[in-house]
Amino acid sequence: MSEEENKDERTSRSMDHIVDSGSIITGDGKHLIQCMTIIGQIEGHTVLPSQNKTTKYEHVIPQLVAIDEDREIDGLLIMLNTVGGDVEAGLALAELIAGMKKPTVSIVLGGGHSIGVPLAVAAKHSFIVPSATMTLHPVRMNGLTLGVPQTLDYFERMQNRITKFVTGHSKISADRLTELSMNTQELVLDIGSVLEGMDAVREGLIDSLGSLSDAVDCLYGMIDERKKKEKRKTSEPQKASRGKQSK
């Protein structure tokens, strides 16, 4: 097979991978990174209508495990444009991203609303473009709701889980996050706040304001730093063994 045919085959496989999973492996020759998209609505235990754009958490979970265990992939770039969705599914993905060994960078494009907020801050460094927005609001529930004290207690505990995760992976305080989520002066048909790109950074929710190139450069820098640390760890035992032999 000629070099041109090999190139065409690789391109075809890459396109199939984008269509199947919404992700692609790319890099600059020196580093190999996985680009993953989280778009539309986060689908949880209930299948959403076919006309909805969704991110299925059962598809993303094995991808995250495979990325973290693949020795060839150096880092993960997460691109978000999501309206939110299932709380437990979103938190499950956020916890997995936060627990990855490899460098991770997220960038919010368009919007990172509702449960998209924990997903955005889960990466080791987060970016947002100037035109993007993030909506903070309390937990909601669709379907049958019982008007009993236990229901309110359940809502409160779920909200606390989200608050602890977000504040644990960003610079915003719990009091400020609650204040923004309970704001009644901004949204006409809802309670909460909408933060534009610079506001999200100013509040400490997102680390940096930037573009795709800024996010990629940051990820490459984190990969370089990780490789340096790994190189130092492997060289230290060798130096110690040489020192013992010389004695």
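Residue positions are given per chain, counting from 1 as you read along its sequence in written order. Predicted model: local features are reported for residues with pLDDT of at least 70 only, side-chain atom pairs are reported and counted for 80 or more only, and whole-chain, interface and lining totals are derived from all residues. With hydrogens and water set aside, each side-chain value is computed from the structure's full complement of heavy atoms.

*Asks:* Mind laying out the confidence of the model for the chain, listing which residues take part and the relevant values?
*Replies:* Counting all residues, the mean pLDDT for the chain is 86, and 85% of those residues have values of 70 or more. Confidence scores per residue from the predictor, reported as pLDDT, run from 0 to 100. A helix here means a DSSP run of H or I that spans at least four residues, while a strand means a run of E at least two residues long, and both kinds are numbered starting from the N terminus. Mean pLDDT per element in the chain: helix H1 (residues 3-21) is the minimum at 50, and strand E6 (residues 125-128) is the maximum at 98. The low-confidence segment residues 10-15, where pLDDT is below 50, has 1 contact with residues more than four positions distant or belonging to other chains. Throughout, a contact is declared for two residues whenever any of their heavy atoms are within 4.5 Å.

*Asks:* Which residues make up the pattern of salt bridges, and what are the values?
*Replies:* A pair is scored as a salt bridge if a Lys or Arg side-chain nitrogen falls within 4 Å of a carboxyl oxygen belonging to Asp or Glu. Within the structure shown, the criterion is met by 13 salt bridges. With a shortest N-O distance of 3.6 Å, Lys227 and Asp74 are connected by a salt bridge. With Lys227 in helix H8 (residues 212-246) and Asp74 in the loop between helix H2 (57-69) and strand E4 (75-85), this pair connects stretches of sequence that are 153 residues apart. For Lys227, a relative accessible area of 34% corresponds to the partly exposed category. Ionic pairing is found between Arg202 and Asp199, a salt bridge with its closest N-O pair at 2.7 Å. Taken together, the positions of Arg202 and Asp199, both in helix H7 (residues 197-202) and 3 residues apart, correspond to about one turn of that helix. Exposure categories follow from relative accessible area, calculated using a 1.4 Å probe and restricted to protein chains: below 20% of the type maximum is buried, above 50% is exposed, and the middle band is partly exposed.

*Asks:* I'd like a description of the pairing of strand E2 (residues 32-43), backed by residues and values.
*Replies:* At least two DSSP bridges between two strands are required for those strands to pair. In this structure, E2 lies alongside E4, joined through 10 bridges in parallel fashion. Opposite Gln34, over in E4, you have Leu76 as the bridge partner. In terms of strand pairing, E2 meets strand E3 (residues 54-56) through 3 bridges, oriented parallel. Along E3, the bridge assignment pairs Gln41 with Thr54.

*Asks:* Would you mind going over helix H6 (residues 174-181) in detail, with residue names and values included?
*Replies:* Those residues of H6 that fall on the buried side of the exposure criterion are Leu177, Leu180 and Ser181. Relative to the axis of H6, the buried residues are bounded by an arc of 100° and lie together on one face. The inward-facing, buried residues of H6 abut strand E7 (133-136), helix H5 (149-168) and strand E8 (193-196). What the arc measures is the spread of directions leading from the helix axis to the C-beta atoms.

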